[in-house]
Protein chains: 2
Amino acid sequence: MALQTKQSTRAPTRVVVVGGGFGGLAAARALASARSPELEIVLIDRRNHHLFQPLLYQVAMAGLSPADISMPIRSILAGYPGVSVRLGEVRDLDLDRRIVDSTTGAVHYDYLVLACGATHSYFGHDAWEEHAPGLKTLEQATEIRRRVLTAFELAELEDDRERRRELLTFVVVGGGPTGVELAGALGELSRHTLARDFARVEPASTRVILIEGGPRILAGFDPELSRSAARSLERLGVTIWTDTRVTDIDRHGVRAGNEFVRARTVLWAAGVHASALNKTLGLPLDADGRVAVSPDLSIAGHREVFVIGDQALFVDDNGTVPGLAPAALQQGRAAAANILADLRGHARAPFSYFDKGSMATIGRASAVVETKAFKLDGFIAWLAWCFVHILFLVGFRSRLLVFLQWIWSYVRYRRGARLITTREWKLDAGAATLSPDPHQPDTERPAAP
Amino acid sequence: MALQTKQSTRAPTRVVVVGGGFGGLAAARALASARSPELEIVLIDRRNHHLFQPLLYQVAMAGLSPADISMPIRSILAGYPGVSVRLGEVRDLDLDRRIVDSTTGAVHYDYLVLACGATHSYFGHDAWEEHAPGLKTLEQATEIRRRVLTAFELAELEDDRERRRELLTFVVVGGGPTGVELAGALGELSRHTLARDFARVEPASTRVILIEGGPRILAGFDPELSRSAARSLERLGVTIWTDTRVTDIDRHGVRAGNEFVRARTVLWAAGVHASALNKTLGLPLDADGRVAVSPDLSIAGHREVFVIGDQALFVDDNGTVPGLAPAALQQGRAAAANILADLRGHARAPFSYFDKGSMATIGRASAVVETKAFKLDGFIAWLAWCFVHILFLVGFRSRLLVFLQWIWSYVRYRRGARLITTREWKLDAGAATLSPDPHQPDTERPAAP
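Just so you know, these numbers come straight off a predicted model, no measurement behind them.

Re the overall build of chain A
Link 1 in the chain: If you tally the helices and strands in chain A, you get ten helices and 27 strands.
Link 2 in the chain: Counting every position in chain A, which comprises 449 residues, the buried fraction comes to 59%.
Link 3 in the chain: Pairs at least 24 apart in sequence give 66% of the contacts found in chain A among residues at least 6 apart.
Link 4 in the chain: For chain A, the computed accessible surface area is about 17700 Å², with 51% contributed by carbon and sulfur atoms.

Below is the structure:
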């Protein structure tokens, strides 16, 4: 795996795209669609698959399988000329020599598009991650699924009232769209799906608490929609604590304000931080780790380096562009257009964000939708949510069938993917087994004699 | 979680079934169907799901998702009266006091049905497991999927011819039905599914070697069917080495006879060993770890303890009952019938195995089927295989849809579940990343400068 460099002056222009999310894929596709023989596009990702993140909470809540919302990046880009895909994690950049350094070799670029997204931020409390996993990857989703389902299994076996209560208390930290979707799905899972399978787990004994630091959930939405979402959540049995700051999380629960809530399962949906790769750029970053980009989406001092999506801080007259899939998509296309403009000797165009609005679902048949033109809530908003997600997923070829199937089972309160799988593949050795502490599946607990 | 004991002489009879595979589920269902108010049935399994093992190789080969072939045991038994399900791993038995000791507490029984199945056997070479995983659990299947797909990704990046060849050499050890199915699916995956996505991986450069210690593959079948299966495999590019003993396996490959085959991916389908729980019975075990059972399926000295399925050695005039799903099912029902006979004061009936024949698929549209009445091979056998598996899966409710969908995508050479997921859920920490050695995903390799 030798360094790939430009050998002659007639060599094609190489664009390296790092990240196969919405932004990176959009950039690679837009570049390839120009069908320029002068252009060579290399997409690097540490995963072999693109993840449809808006539905990731459904994997965590046992409604969908990992394969339902992901697709090999190779397959997505197979029909595009001039694109090659490299599996590898980018660890460092050499902006002067224009080299991307990955775990599977170094690659030279003429243009670089960074679209690595964001990860969770525990505001300096990294130890909380162990007890309160976030939701960004398939592995995290199946880990959350394992914890939630295991908590119900252990509650079914537990004779002690207090311990059963602790097992059946679920805390979601963060009242943004992800937190709301997780809390709603948890409420529904315990009220409907699992109630008939567990003899001793009653809906009334299950608590789902959604903790938000600010004065209302879904702060990015209109206050009226926040109230509507709160009412929908409460109907699903979710308790909402606003204006409440989490000050500690350990394996027994959450300290929120002056209270300690005993809960075996805590999920983190509170903060995100841009990819650590930003630190290699030598530029100042904002509190969320994002790097400020110029109107053409390139960074200061390096016109050949573009940063897009959750990794970038883009501010225009309307404020900061939010970390949403449509924004990443638009930026990916805009960065590609500016690279093509350079090659054709045209002037670059400044990026302009077209706000398509935002949406969040609450449980089975309710949602909130807000655009500049209109606001929706309840069932009609949920239908709009379905419509938009089906439109999106059509690009996933036969996934449409999966989605329709899922909608159907969802409406009927079934959960098709209720699997507790562990992190360990050598199960036969007896290394990974069930333990009463779902956080520590590998520890053994002496059984009662 | 106190010990559950019989409190009075009028307490119901408790049957504890250990294992939620084909045998255990059949026993629990048959007992529950008697609808006796005197009967309390407890099923214990260390996993929350039943696994449809005959299709597990499809998960390993990226054709199906884990959730497609598994179902929560609770859901399967939800409609059956008097059955409770406990998640827990049984570690020990006290046959005198009639207590099952599990990781989630101890349970007293009046009757015990052991249906824990078998695991892989490396014939004393346990170190081989690291380099040549077997295929018994969902975790193992996704681990095999990860290794196979990662090998292709790394081969795509590899400039060195010899190393690429090592990455694209796949060895399957064991020429029984599982080995044949894995080898066939591997041949197909590389020849058809992946060929169009990888620019540098050519079908001709991929080797799949199936190693069998005996004189022919599918030794349990008629020699003519063995030959037919071998021809089908060869058409898919699989090389078959018969009469070849594997003497060593390490991370670089397999020593077979006098030759060392450099291969990064080795799969083990050679031998199984009955559940280690058999060691707690205090009875002699055969070479495969199985315990001999009486004609009524109980063990010597303990009429109240039944052992069924892969865990049991049952020999009648026709020979040894094979370790197949139909045999486990029949034994589960027979053990239940004998327990019910006791309760009704009837005599127990000896178990009689009804041999429905056996089958194995080879790739996309070929199979071999052998019953007492007839032998089939090729496409017609494959249709028979589909028919039988659809019949089986109908019990899985809406899984029929999944199966049909899979058949369709299978025929069209698509693979819907081509995901490389890792064992580690905290990916953001950068702990688990791609490494050129697919066996060691956590090691870092310095990139070329």
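The structure having been displayed, the exposition proceeds.
Some points on the sheet that holds strand S17 (residues 265-268) of chain A
Residue and element names in this part refer to chain A.
Link 1 in the chain: Read from one edge to the other, the open sheet built from four strands follows the order S13-S12-S11-S17, with strand pairing classed as parallel. Only two strands of the sheet have a single neighbouring strand rather than two, namely strand S13 (238-241) and S17. The average undirected angle you get between the axes of adjacent strands in this sheet is 20°.
Link 2 in the chain: Bridge count between strand S11 (residues 169-173) and S17: four bridges; the pairing is parallel. When the bridges of S17 are listed, Val-172 appears paired with Leu-267.
Link 3 in the chain: On top of the sheet, helix H7 (residues 223-235) reaches strand S12 (207-211) and S13; it is set at about 140° to S13, its chief contact.

Brief notes about the pattern of salt bridges
Link 1 in the chain: Taken as a whole and judged by the stated rule, the model has 36 salt bridges over all chains.
Link 2 in the chain: Here Lys375(A) ties to Asp222(A) by a salt bridge, and the two come within 3.6 Å at their closest N and O atoms. Residue Lys375(A) is located in strand S27 (residues 375-377), and its partner Asp222(A) is located in the loop between S12 and H7; the two are separated by 153 residues in the primary sequence.
Link 3 in the chain: Of the charged contacts, one joins Glu40(B) and Arg14(B) as a salt bridge, the two residues approaching to 3.1 Å between their closest N and O atoms. Of this pair, Glu40(B) sits in strand S2 (residues 39-45) while Arg14(B) is found in strand S1 (residues 13-18), placing the two residues 26 residues apart along the sequence.
Link 4 in the chain: Here Glu40(B) falls in the partly exposed class, since its relative accessible area comes to 24%.

Quick look at the nonpolar core
One broad trend across soluble globular proteins is that nonpolar side chains are buried collectively.
Link 1 in the chain: Formed by 62 residues in total, the largest nonpolar core has its most connected members in Met61(A), Ile69(A), Leu210(A) and Leu233(A).
Link 2 in the chain: Here this core takes nine residues from helix H4 (residues 138-157) of chain A, the largest share from any one element.
Link 3 in the chain: Leu419(A), Leu55(B), Ala151(B) and Leu167(B) belong to the second largest nonpolar core, which has 61 residues in total.

Comments concerning the pairing of strand S26 (residues 367-370) of chain B
Residue and element names in this part refer to chain B.
Link 1 in the chain: Along S26, one buried face is formed by Ala-367 and Val-369 and the opposite face, lined by Val-368 and Glu-370, is buried too.
Link 2 in the chain: As defined by bridge partners, strand S25 (residues 358-361) adjoins S26 across four bridges and the pair is classed as antiparallel. Looking at S26, one finds that Thr-361 is bridged to Ala-367.
Link 3 in the chain: From the end of S25 to the start of S26, which pair antiparallel, there are five residues, and Gly-363 there has a positive phi angle of about 70°.
Link 4 in the chain: Where S26 meets strand S27 (residues 375-377), three bridges bridge the pair, whose relative direction is antiparallel. Pairing of Val-369 across the sheet is with Leu-376, part of S27.

So, the confidence of the model for chain A
Residues and elements named next belong to chain A.
Link 1 in the chain: Predicted confidence across chain A gives a mean pLDDT of 86, with 85% of residues reaching 70 or more.
Link 2 in the chain: Predicted confidence for residues 426-438 stays below pLDDT 50, and this span has 49 contacts to residues more than four positions away or in other chains.
Link 3 in the chain: Model confidence for the complex: the whole-complex pTM is 0.84, and ipTM, which rates the interface, is 0.79.

A few points about helix H6 (residues 177-193) of chain A
Link 1 in the chain: For H6(A), with 17 residues, the first-to-last C-alpha span of 22 Å sits near the 24 Å given by 1.5 Å per residue.
Link 2 in the chain: Counting buried positions along H6(A) yields 13 of 17 residues, so the element is predominantly enclosed.

Some remarks on the packing of aromatic side chains
Residue and element names in this part refer to chain A.
Link 1 in the chain: Tallied over the entire structure, the rule returns 16 aromatic pairs over all chains.
Link 2 in the chain: Considering the side-chain rings of Phe-22 and Phe-52, the 5.8 Å spacing of their centres and the 75° angle between planes classify their relative orientation as edge-to-face. Here Phe-22, found in helix H1 (residues 22-33), pairs with Phe-52, found in the loop between strand S3 (49-51) and helix H2 (56-60); they are 30 residues apart in sequence, far enough to count as distant. Judged on exposure class, the residue Phe-22 and its partner Phe-52 are both buried.
Link 3 in the chain: Aromatic pair Phe-314 and Phe-351: ring centres 5.1 Å apart, planes at 85°, arrangement edge-to-face. You can see Phe-314 sitting in the loop between strand S22 (312-313) and strand S23 (315-316) and its partner Phe-351 sitting in the loop between helix H8 (325-343) and strand S25 (358-361), a full 37 residues away along the chain. The two residues Phe-314 and Phe-351 agree in class, both being buried.
Link 4 in the chain: Here a set of aromatic residues connected by ring pairs shows up, and it is made of Tyr-122, Phe-123, Trp-128 and Trp-268.

Some details on the sheet that holds S27(B)
Residues and elements named next belong to chain B.
Link 1 in the chain: Spatially, S25-S26-S27 is the arrangement adopted by the three strands of the open sheet, whose pairing is antiparallel. Edge strands, defined here as strands with exactly one partner in the open sheet, are S25 and S27. Strand-to-strand twist in this sheet, taken as the mean axis angle between neighbours without regard to direction, amounts to 5°.
Link 2 in the chain: Along the sheet, helix H7 (residues 223-235) makes contact with S26 and S27, crossing S26 at roughly 170°.

A short note on the packing of H1(A) against H8(A)
All names here are of chain A.
Link 1 in the chain: Running from amino to carboxyl end, H1 crosses H8 at an angle of 35°, the nearest separation of the two axes being 7 Å. As H1 packs across H8, the resulting crossing turns out to be right-handed. Residue-level contacts link Phe-22, Gly-23, Ala-26, Ala-27, Ala-30 and Leu-31 of H1 to Ala-325, Ala-328, Leu-329, Gly-332, Arg-333, Ala-336, Ile-339 and Leu-340 of H8.
Link 2 in the chain: The residue inventory of the contact of H1 with H8, partitioned by class, reads eleven nonpolar, two polar and one charged.

Focus: a nonpolar patch on the surface
All names here are of chain A.
Link 1 in the chain: There is a patch of nonpolar side chains on the surface, built from Phe-379, Ile-380 and Leu-383 and spanning about 300 Å² of accessible area.
Link 2 in the chain: You can see Leu-383 is positioned in helix H9 (residues 378-394).
Link 3 in the chain: On the basis of relative accessibility, which here comes to 39%, the residue Leu-383 falls in the partly exposed class.

Structural notes on the side chain of Ser298(B)
All names here are of chain B.
Link 1 in the chain: Looking at the element boundaries, Ser-298 is found in strand S20 (residues 298-299).
Link 2 in the chain: At a separation of 2.8 Å, a polar atom in the side chain of Ser-298 contacts the side chain of Asp-296.
Link 3 in the chain: If we ignore the near neighbours within four places in the chain, the residues touching Ser-298 are Val-293, Arg-303, Val-305, Phe-306 and Arg-348.

Quick look at unusual backbone geometry
Residues and elements named next belong to chain B.
Link 1 in the chain: Even without glycine at this site, Ala-62 takes up a positive phi of about 65°.
Link 2 in the chain: Relative to the helices and strands, Ala-62 resides in the loop between helix H2 (56-60) and strand S4 (70-72).
Link 3 in the chain: For Ala-62, a relative accessible area of 1% translates into the label buried.
Link 4 in the chain: Residue Arg-98 is not a glycine yet carries a positive backbone phi of 60°.
Link 5 in the chain: Of note, Arg-98 is situated in the loop between strand S6 (90-94) and strand S7 (99-102).

Concerning the environment of Arg216(B)
Residue and element names in this part refer to chain B.
Link 1 in the chain: Positionally, Arg-216 belongs in the loop between strand S12 (207-211) and H7.
Link 2 in the chain: A C-alpha to C-alpha distance of 34 Å links Arg-216 and Leu-283, two positions 67 residues apart in sequence.
Link 3 in the chain: With sequence-adjacent residues up to four places away left out, Arg-216 is seen in contact with Phe-221, Asp-222, Pro-223, Ser-226 and Thr-242.
Link 4 in the chain: A polar contact is formed between the side chain of Arg-216 and the backbone oxygen of Leu-218, at a distance of 3.5 Å.
Link 5 in the chain: A polar contact is formed between the side chain of Arg-216 and the backbone oxygen of Ala-219, at a distance of 3.3 Å.

A short note on the environment of Ala276(A)
Residues and elements named next belong to chain A.
Link 1 in the chain: Looking at where Ala-276 falls in the secondary structure, it is placed in the loop between strand S18 (272-274) and strand S19 (291-292).
Link 2 in the chain: Of the residues examined, Ala-276 reaches a relative accessible area of 52% and is grouped as exposed.
Link 3 in the chain: On a C-alpha basis, the gap between Ala-276 and Asp-92 in space is 9.9 Å, while along the polypeptide they are 184 residues apart.

Thresholds, definitions, all that
- Residues numbered from 1 in each chain as written.
- Chains lettered and ligands numbered in written order.
- Predicted model: local features only at pLDDT ≥ 70, side-chain atom pairs only at ≥ 80, totals over all residues.
- Heavy atoms only, no water.
- Helix = DSSP H or I, 4+ residues; strand = E, 2+ residues; numbered from the N terminus.
- Buried < 20%, exposed > 50% of the residue type's maximum accessible area, 1.4 Å probe, protein only.
- Contact = heavy atoms within 4.5 Å.
- Areas by Shrake-Rupley, 256 points an atom, 1.4 Å probe, with all protein chains shown as cover.
- Pairing = 2+ DSSP bridges.
- Axes fitted to C-alpha atoms, helices over the stretch in contact; angles between N-to-C directions.
- Salt bridge = Lys/Arg side-chain N within 4 Å of Asp/Glu carboxyl O.
- Core = buried A, V, L, I, M, F, W, Y, C linked by side-chain atoms within 4.5 Å.
- pLDDT = per-residue confidence, 0-100.
- Expected span 1.5 Å × (residues − 1).
- Phe/Tyr/Trp six-rings, centres within 6.5 Å; stacked < 30°, edge-to-face > 60°.
- Left-handed = near helix turned anticlockwise from the far one by under 90°.
- Nonpolar A, V, L, I, M, F, W, Y, C, P; charged D, E, K, R; others polar.
- Patch = residues over 30% accessible without salt bridge, like charges linked within 9 Å, V, L, I, M, F, W, Y side chains within 5 Å.
- Polar contact = N/O pair within 3.5 Å; in protein donor to acceptor, adjacent residues only side chain to side chain.

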